[in-house]
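Spelled out, the chains give:
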Amino acid sequence: MSSEPARKSEKRTPPAPRESDGWALFSTLLSGVLVWSAIGWAADKLLGFQALFLPIGAVLGMVGAIYVIVAKTRQV
């Protein structure tokens, strides 16, 4: 038993969401899909495929954007 008084546990409340937070998350999702779709489209054109890398790029862009969104929202 220590002679130090018990400390109160500090509870940090997350900041209240702002209106711009939703737009930032939406633009992250949209830009991820658009950029990686464009990369997939360019790969299709360069390699001579019709629609192989475009959907792969779109899916990778969405998965990557969701990962970034989750990482941003878990920061406290």
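You'll find the structure just up there.
These numbers come from a predicted model, not from an experiment.

1. Examining the overall build of the chain
Here is step 1: In terms of regular secondary structure, the chain is built from 2 helices and 0 strands.
Here is step 2: Put simply, the chain has 76 residues, and 13% of those count as buried.
Here is step 3: A sequence separation of at least 24 residues applies to 52% of the contacts in the chain between residues at least 6 apart.

2. Notes on a nonpolar patch on the surface
Here is step 1: A surface patch of nonpolar side chains, about 610 Å² in accessible area, is lined by Leu46, Leu47, Phe49, Leu52, Ile56 and Leu60.
Here is step 2: Sorting the residues of the nonpolar patch by element identifies helix H1 (19-47) and helix H2 (53-74) as the ones contributing at least two each.
Here is step 3: Tracing the backbone shows Leu47 in helix H1.

3. Side note on the environment of Gly64
Here is step 1: Tracing the chain through its elements places Gly64 in helix H2.
Here is step 2: Separated by 35 residues in sequence, Gly64 and Leu29 place their C-alpha atoms 8.5 Å apart.

4. Some points on H2
Here is step 1: Relative to the 32 Å expected for 22 residues at 1.5 Å per residue, H2 spans 31 Å between its end C-alpha atoms, a close match to the ideal helical length.
Here is step 2: Regarding H2, the residues found buried are Gly57, Gly61, Ala65 and Ile69. End-on view of H2: buried residues confined to an arc of 100 degrees, all on one side of the axis. Of the residues in H2, the exposed ones pointing more than 90 degrees away from the buried face are Val59, Leu60, Val63, Tyr67 and Arg74.
Here is step 3: On the buried face of H2, the contacting elements are H1.

5. Remarks on the packing of aromatic side chains
Here is step 1: In total, this model carries 2 aromatic pairs according to the counting rule given.
Here is step 2: Where Trp23 meets Phe26, the ring centres are 6.0 Å apart and the plane angle is 85 degrees; that geometry is what we call edge-to-face. On the criterion of helical spacing, the pair formed by Trp23 and Phe26 is a turn pair, its members being 3 residues apart in helix H1.
Here is step 3: Measuring from ring centre to ring centre gives 5.7 Å for Phe49 and Phe53, while their planes differ by 75 degrees; the resulting arrangement is edge-to-face.

6. Remarks on the side chain of Ser37
Here is step 1: Looking at the secondary structure, you find Ser37 in helix H1.
Here is step 2: Those residues in contact with Ser37 that lie beyond four places of it in its chain are Leu54, Gly57 and Ala58.

Thresholds, definitions, all that
Residues numbered from 1 in each chain as written. Predicted model: local features only at pLDDT ≥ 70, side-chain atom pairs only at ≥ 80, totals over all residues. Heavy atoms only, no water. Helix = DSSP H or I, 4+ residues; strand = E, 2+ residues; numbered from the N terminus. Buried < 20%, exposed > 50% of the residue type's maximum accessible area, 1.4 Å probe, protein only. Contact = heavy atoms within 4.5 Å. Patch = residues over 30% accessible without salt bridge, like charges linked within 9 Å, V, L, I, M, F, W, Y side chains within 5 Å. Areas by Shrake-Rupley, 256 points an atom, 1.4 Å probe, with all protein chains shown as cover. Salt bridge = Lys/Arg side-chain N within 4 Å of Asp/Glu carboxyl O. Expected span 1.5 Å × (residues − 1). Arc of directions from axis to C-beta. Phe/Tyr/Trp six-rings, centres within 6.5 Å; stacked < 30°, edge-to-face > 60°.

The analysis is restricted to geometry; functional conclusions fall outside its scope.
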